[in-house]
Amino acid sequence: MSTPTTASPKKRTFPPPPPRLFGPRSLASLLDLQPEDTVLLLRPDQQLVDSVALRGARPTLVVPPKTKKHNRPKAPHILRPDTVPGPLPLDDAAVQHIIMPTASLAWWREPRWIDELVRVLAPGGSLLIGANHRLRTPWRRATTLTSSGARRRLTTAGLHVAHTYGVRSSLRELRFLVPLDHPGARRWFFTSAYPSPTARHARLTTLLTRLPRTGLDRAYFPQLLLHAQRPYDAPC
Amino acid sequence: MLNAALSALHSDLPDTVPEHVAATLQRPLTAITLGSRWEGRIVWAVFAERSRTPTAVLKLDTRPKYQPRLRKEHEALHQLAQIPDMADLAPAPLGLYSLGSALMLAQTAQAGVPLHVQLSRRYWRRRQSATRDHARLRSWLAALRTGTTGATTPVDPEAVQQRLAIALDRDSPGAAALQDRMAELGDEFGHLHVPTQPLHGDLDPSNCFTGRRGLSVVDWEGFTLQGPPLAEVLLFLNHYARAVPTRDAWVPDPLVGFRNGFLADGWLARLTWGTWRAELEQLGLPAEAAEYLLVATLADFATGHASTAHAHRKGSQRNWTELLTLYAAER
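Since the structure is predicted, the reported quantities are computational estimates derived from the model, not experimental observations.

(A) Structural detail: the overall build of chain A. Check the secondary structure of chain A and you find six helices and eight strands. Going residue by residue from the N terminus, the α and β elements of chain A occur as β-α-β-β-β-α-α-β-α-β-β-α-α-β. By the burial criterion, 47% of the 236 residues in chain A qualify as buried.

(B) Structural context of the nonpolar core. Core analysis: the largest hydrophobic core is formed by 73 residues, its most contacted members being Met 86, Trp 140, Trp 220, Trp 276 and Leu 293 of chain B. Not counting residues up to four positions away in its chain, the partners in contact with Trp 220 of chain B are Glu 73, Ala 76, Leu 77, Leu 80, Met 86, Ala 90, Pro 91, Trp 140, Leu 144, Leu 199 and His 200 of chain B. The next biggest cluster of nonpolar side chains, apart from the first, holds 49 residues, and it includes Val 62, Ala 185 and Phe 221 of chain A together with Val 43 of chain B.

(C) Representation of the interface of chain B and chain A in the model. Listed as interface residues are 36 residues of chain B and, on the opposing side, 38 residues of chain A. Taken over both partners, the interface formed by chain B and chain A buries close to 3100 Å², and the fraction arising from carbon and sulfur atoms is 59%. Linking chain B with chain A are zero salt bridges. Where chain B meets chain A, there are four residue pairs in polar contact (both at pLDDT 80 or more). Contributions of two or more residues to the side of chain B that touches chain A are made by helix H1 (2-11), strand E1 (29-35), strand E2 (41-48), strand E6 (113-114) and helix H4 (115-119) of chain B.

(D) Expanded view of unusual backbone geometry. Of note, the phi angle at Ala 93 of chain A is positive, near 55°, even though the residue is not glycine. Tracing the backbone shows Ala 93 of chain A in the loop between strand E3 (77-79) and strand E4 (95-100).

(E) Up close: the pattern of salt bridges. Residue and element names in this part refer to chain B. Using the criterion set out here, one finds 18 salt bridges over all chains in the structure. Note that Arg 213 and Asp 88 form a salt bridge whose closest N and O atoms lie 3.2 Å from each other. Placement of Arg 213 in the loop between strand E10 (208-211) and strand E11 (214-217) and of Asp 88 in the loop between helix H3 (67-81) and strand E4 (93-99) is noted, with a sequence separation of 125 residues between them. Look at Asp 88 and you get partly exposed, because its relative accessible area is 48%. Within the structure, one salt-bridge network assembled from shared partners comprises Lys 59, Arg 69, Glu 73, Asp 219 and Glu 221.

(F) Main features of the packing of helix H8 (residues 230-243) of chain B against helix H10 (residues 267-282) of chain B. Residue and element names in this part refer to chain B. Closest axis-to-axis distance for the H8/H10 pair is 11 Å, and the angle between their directions is 165°. When the interaxial angle is binned, H8 and H10 end up roughly antiparallel. The two elements H8 and H10 meet at a crossing, and its hand is right-handed. Seen from H8, the contacting residues are Leu 230, Val 233, Leu 234, Leu 237, Tyr 240 and Ala 241; seen from H10, they are Leu 268, Thr 272, Thr 275, Trp 276, Glu 279 and Leu 280. Across the contact of H8 with H10, the residue classes tally to nine nonpolar, two polar and one charged.

(G) Region of interest: the packing of aromatic side chains. Per the stated rule, a full pass over the model turns up twelve aromatic pairs over all chains. Here Trp 188 of chain A and Phe 47 of chain B contribute two aromatic rings whose centre-to-centre distance is 5.6 Å and whose plane-to-plane angle is 70°, an arrangement assigned as edge-to-face. One end of the pair, Trp 188 of chain A, is in helix H5 (residues 183-193); the other, Phe 47 of chain B, is in strand E2, on a second chain. When sorted by exposure, Trp 188 of chain A lands in the same class as Phe 47 of chain B, which is buried. Pairing Phe 262 of chain B with Trp 273 of chain B gives two aromatic rings, centres 6.1 Å apart and planes at 85°, and the pair type is edge-to-face.

(H) Region of the structure containing helix H12 (residues 314-330) of chain B. Residue and element names in this part refer to chain B. Between its terminal C-alpha atoms H12 stretches 24 Å, which fits the 24 Å expected from 17 residues at 1.5 Å a residue. All buried positions along H12 are accounted for by Ser 316, Gln 317, Trp 320, Leu 323, Leu 324, Leu 326, Tyr 327 and Ala 328. Against the buried residues of H12 lie helix H6 (157-167), helix H7 (175-189), H8, helix H9 (254-263), H10 and helix H11 (290-302).

(I) Main features of the environment of Arg 112 of chain A. As for its position among the elements, Arg 112 of chain A is in helix H3 (residues 111-120). Residues Arg 112 of chain A and Ala 219 of chain A, 107 residues apart in the sequence, show an inter-C-alpha distance of 30 Å.

(J) Spotlight on the sheet that holds E10 of chain B. Residues and elements named next belong to chain B. Pairing within the open sheet is antiparallel, and its three strands lie in the order E6-E10-E11. At either end of the open sheet lies a strand with only one pairing partner, and these are E6 and E11. For E10 and E11, the ladder comprises four bridges, and the chain directions are antiparallel. The residue of E11 that forms the bridge with Gly 211 is Gly 214. Packing against the sheet, helix H5 (residues 126-144) makes contact with E10 and E11, and its axis sits at approximately 60° to E11.

(K) Highlighting the layout of surface pockets. Computed from the structure, the second largest pocket encloses a volume of approximately 1100 Å³. Contributing to the lining of the second largest pocket are 43 residues, with Asp 88, Ala 109, Gln 110, Ala 111 and Arg 213 of chain B lying nearest its centre. Sorting the residues of the lining of the second largest pocket by element identifies H5 of chain A together with helix H2 (19-25), H3, E10 and E11 of chain B as the ones contributing at least two each. Within the lining of the second largest pocket, the residues separate by chemical class into 22 nonpolar, 16 polar and five charged.

(L) Geometry of a nonpolar patch on the surface. Taken together, Leu 207, Leu 211 and Leu 216 of chain A make up a surface patch of nonpolar side chains, about 220 Å² in accessible area. Mapped onto the secondary structure, Leu 211 of chain A falls in the loop between helix H6 (199-209) and strand E8 (223-229).

(M) How the structure looks around the pairing of E2 of chain B. Residue and element names in this part refer to chain B. Where burial is concerned, most of E2 is hidden: eight out of the eight residues are buried. Side chains Arg 41, Val 43, Ala 45 and Phe 47 of E2 all project onto a buried face; the interleaved residues Ile 42, Trp 44, Val 46 and Ala 48 project onto the opposite face, where all are buried too. Where E2 lies against strand E3 (residues 56-61), six bridges are found, and the strand directions are antiparallel. Bridge pairing in E3 links Arg 41 to Asp 61.

Calculation criteria
- Residues numbered from 1 in each chain as written.
- Chains lettered and ligands numbered in written order.
- Predicted model: local features only at pLDDT ≥ 70, side-chain atom pairs only at ≥ 80, totals over all residues.
- Heavy atoms only, no water.
- Helix = DSSP H or I, 4+ residues; strand = E, 2+ residues; numbered from the N terminus.
- Buried < 20%, exposed > 50% of the residue type's maximum accessible area, 1.4 Å probe, protein only.
- Core = buried A, V, L, I, M, F, W, Y, C linked by side-chain atoms within 4.5 Å.
- Contact = heavy atoms within 4.5 Å.
- Buried area = accessible area lost by both parts, 1.4 Å probe.
- Salt bridge = Lys/Arg side-chain N within 4 Å of Asp/Glu carboxyl O.
- Polar contact = N/O pair within 3.5 Å; in protein donor to acceptor, adjacent residues only side chain to side chain.
- Axes fitted to C-alpha atoms, helices over the stretch in contact; angles between N-to-C directions.
- Parallel < 35°, antiparallel > 145°, perpendicular 65-115°, else oblique.
- Left-handed = near helix turned anticlockwise from the far one by under 90°.
- Nonpolar A, V, L, I, M, F, W, Y, C, P; charged D, E, K, R; others polar.
- Phe/Tyr/Trp six-rings, centres within 6.5 Å; stacked < 30°, edge-to-face > 60°.
- Expected span 1.5 Å × (residues − 1).
- Pairing = 2+ DSSP bridges.
- 1 Å grid on protein atoms, 1.4 Å probe; cavity = no way out; pocket = protein on both sides within 12 Å on 5 of 7 lines; lining within 4 Å.
- Points joined across faces, edges and corners; volume = space filled by probe spheres on them.
- Patch = residues over 30% accessible without salt bridge, like charges linked within 9 Å, V, L, I, M, F, W, Y side chains within 5 Å.
- Areas by Shrake-Rupley, 256 points an atom, 1.4 Å probe, with all protein chains shown as cover.

Laid out in structure tokens, this is it:
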């Protein structure tokens, strides 16, 4: 007597979700991506990889050597250097854009790692790099990273810093990218866009609207995003 | 993508755009990115060089599901531009653009500060300021009301009872007494007729900008051409009450805000009820029916029948049910 065979359930297929614009994946919208551009992604998430691919560019990932497989985003081009940060297995001027949403303190403390990014970046290419004011070593000996310090290090490496964005996520789950180089936009953010969650915040915000850009801005923008470009006349 | 959006704006600016806006948009532009709770949505406030206020607001959506909302807002802004009294009280449309698979709506930015931000910065004279805010809202509603056609919508006492029965647990404190009281009031007032008018759909203080020229309102995605305005007024009053900081919390709990606005014995509750009654009289409804219509509108919200943009959401209905239950228990 043969046992009845049951048909295996048909696997349901869903259409791919549309690209998400905000969060780390919104960074791709800040760049002028052209089809077939190569975009080097350091510390990416899958959404960022997808958003770059959806714009016709070619995402190339840098994955630290000990990254577990289930934590690794999927992409057609994956580089596995021996150490991260470290020398990148790429030719000079090989990529048109670099996105590093969260750069660890190691990247910022060693000028040679920034130089390594500049080496692989083509003239005219863009670098989006994140910086966190609250980065510390485990022993808390490192100083905090200021926006001027971050700009200085990129400028020293031969890049032109086009924009510095303050990144803010509020209690209401809204997130803001504020161009800190534009005093009017910064002031409007403090006066009109930011709902103060506490009385202390409200007083400090009122104070900041009357001041030019100072170190106090760090209280509101713990994370920075720097948009730098490599000049066309830069030597390769 | 921002550059692509600005290029689209530069290249195809309609002739109806005010000259000073068009001139400002020709200068170098930068933008603040305002994230939205909606995934797939991005909003930019665009600034011209050396400008302290945004010139335009660009709303971009990649999701086909939500793109009709942008088209709806674009149509709403065009219709509002036809109402003379609404000049400067709502954004002017600049255009609707397709950027690949995304849709972008461009509109002028409104001057002033959002009401919820202002409320979070007031340390003194809150009572006088709140009275002024409510007066400004009533002026704004009067301007919007000039688009009224004269049609009405009845408030059916039986429908109110049914919705109360759905929303309220009969065993919860005060629920049975409230239902009985509402049945009595329903018999007393019968079918009340609420005049319809254009509705904003999401009259939250965060969408209301106040400045020297009074109140102006943004975010017209939930626009309805004609509908009963009671839910809209109640939405504003409730959200305003919960945006007023208290001694215990700078951002009060929604239930605490509702209690302060409608149930407590304080200046805010007196102001809220005063505005509610005044609006009813403006609509030709008896002020004595204030409590009846308030509970009926709360029941509409709790069962998803309110004429607002987010009334159909389960979370919204759950929140309004909690407020109705609180009202039944503490009225």
